[in-house]
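If you want the building blocks of each chain, they are given just below.
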Amino acid sequence: MNKLDSLESLYQAFDGLSVEGGWHRRAPALWAEPRKNFVPFRWRYADVKPILDAAGHLVDHAMADRRNLTMTNPVEGNLYATVRSMVAAYQLIKPGETADAHRHTPNALRIILEGKGTYTVVDGTRVEMRPGDVLLTPSWAWHSHSSNGNEDCYWVDVLDVPLVHLMEGMFFERHPDKLEPDVVDADSSPIAFRWEDTLAALAAAAPPAHGMAQREAELGNPALRTVALHAQSFNAGFRSALCRTTANSIFTVIQGRGRSVVDGETIEWAMGDVIAIPAWRAYRHEADVESFMVRASDEPVMRAIGMLREEVISESV
């Protein structure tokens, strides 16, 4: 090795060793507060539904495990995630179709938008998927979907796949028999949050301290180990507080019409729309008519590692 008697020779000695001097970084490793990487974005159900309908005629389940459209955050360089830790997708299953069973380490949930007569089977328990319902698929649980009705069924999937990618814990397996052989029907189950029960919980709920909704009810405690679910309701004319949180959030509009103002940008929304609000973005909701949303967030992860922080910037009016 050459004599290391100058900074130039010292830096040359780094070559090929894959090291970097902490005093001479190419980019900072620490910063004062969360950076704005992923961007706020809204996917309009009215735009996506015709595409799903066309895919219903052109794409069968032999071409993919699921007929879905992934909502990829448009930040430069992103190829998959909706927000940093989660991905959302619209999915369609048509009458008479079956999506075969598989399992994976990512946790998943489904927020049903339209259609009746469709069922999911999770580890041998079969439950109907009804509009407004939220269905859970915990990590490594066998799950399949099938339609016995005469209506197309549309829903929003939310999974923690980007988090699993980051942690390098991805495992995936298709069921050797395509479907689980022993299935028990259930109208109520820990994996199913029924819309009527959610409405009752919201009606009984007190206004949340953070002021981000008229009423709020948590589904599960939390719903999944990595994903929390909060149903929120807004009366016509309600304008929420302005707040920010270190948790990444994906909102699904179950009913209603209004807008969200995120970092000063106005995002209009209606039934079936999905809104991505990344961590530490100041946002508020405004409802034109009575509205309901389901918020999926990575709060359990942020809380577990001691990094969950919420801040109310201004009160609701």
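Residues numbered from 1 in each chain as written. Predicted model: local features only at pLDDT ≥ 70, side-chain atom pairs only at ≥ 80, totals over all residues. Heavy atoms only, no water.

Participant: Got a sec to walk through the side chain of Asp298? Specific residues and values, please.
Facilitator: Within the element layout of this structure, Asp298 appears in the loop between β22 (291-297) and α5 (299-304). Comment: no salt bridge for buried Asp298; closest opposite-charge side chain is Arg295, at 6.6 Å. Leave out the neighbours within four places in its chain, and Asp298 touches Ser85, Met86, Thr226, Ala247 and Asn248. (Helix = DSSP H or I, 4+ residues; strand = E, 2+ residues; numbered from the N terminus. Buried < 20%, exposed > 50% of the residue type's maximum accessible area, 1.4 Å probe, protein only. Lys, Arg positive; Asp, Glu negative; His and termini not counted. Salt bridge = Lys/Arg side-chain N within 4 Å of Asp/Glu carboxyl O. Contact = heavy atoms within 4.5 Å.)

Participant: Talk me through the environment of Asn73; I want residue IDs and the actual numbers.
Facilitator: Topologically, Asn73 is positioned in the loop between β2 (68-71) and β3 (87-93). Classification of Asn73 by relative accessible area gives buried; the value is 1%. In this structure the C-alpha to C-alpha distance between Asn73 and Arg174, which are 101 residues apart in sequence, comes to 28 Å. Non-local contacts of Asn73, meaning those with residues more than four positions away in its chain, are made with Phe38, Val39, Trp43, Asn78, Ala81, Thr82 and Ala276. A distance of 2.8 Å separates a polar side-chain atom of Asn73 from the backbone oxygen of Val39. (Polar contact = N/O pair within 3.5 Å; in protein donor to acceptor, adjacent residues only side chain to side chain.)

Participant: I'd like a rundown of the sheet that holds strand β17 (residues 249-255), residues and numbers included.
Facilitator: Read across the sheet, 6 strands follow the order β1-β20-β17-β22-β15-β14 without closing on themselves; strand pairing throughout is antiparallel. Two strands in the sheet have a free side with no partner beyond their single neighbour: β1 (41-43) and β14 (215-219). Strand-to-strand twist across the sheet, computed as the mean angle between neighbouring axes with direction ignored, equals 20°. Relative to strand β20 (residues 274-277), β17 runs antiparallel, the two being bridged by 4 bridges. Of the residues in β20, the one forming a bridge with Ile250 is Ala276. Against the sheet, helix α4 (residues 195-204) makes contact with β14, β15 (228-234), β17 and β22, and its axis sits at roughly 130° relative to β14, the strand it touches most. (Pairing = 2+ DSSP bridges. Axes fitted to C-alpha atoms, helices over the stretch in contact; angles between N-to-C directions.)

Participant: Could you give an account of helix α1 (residues 7-14), with specific residues and numbers?
Facilitator: Among the residues making up α1, those that are buried are Ser9, Ala13 and Phe14. End-on, the buried residues of α1 take up no more than an arc of 160°, which puts them together on one face. Relative to its buried face, α1 has exposed residues pointing more than 90 degrees away, namely Leu7 and Glu8. Positioned one or two residues after α1, Gly16 has a phi angle of 80°, which is positive. (Arc of directions from axis to C-beta.)

Participant: Describe unusual backbone geometry, with residues and values.
Facilitator: Following Asn221, the chain continues to Pro222 via a peptide bond in cis, the omega torsion being -10°. Along the chain, Pro222 turns up in the loop between β14 and β15. Phi at Ser18 is positive, roughly 55°, even though this residue is not glycine. In this structure, Ser18 sits in the loop between α1 and β1. Even without glycine at this site, Asp123 takes up a positive phi of about 50°. Asp123 sits in the partly exposed class, given a relative accessible area of 46%.

Everything listed here is a matter of coordinates, which is why it stays silent on function.
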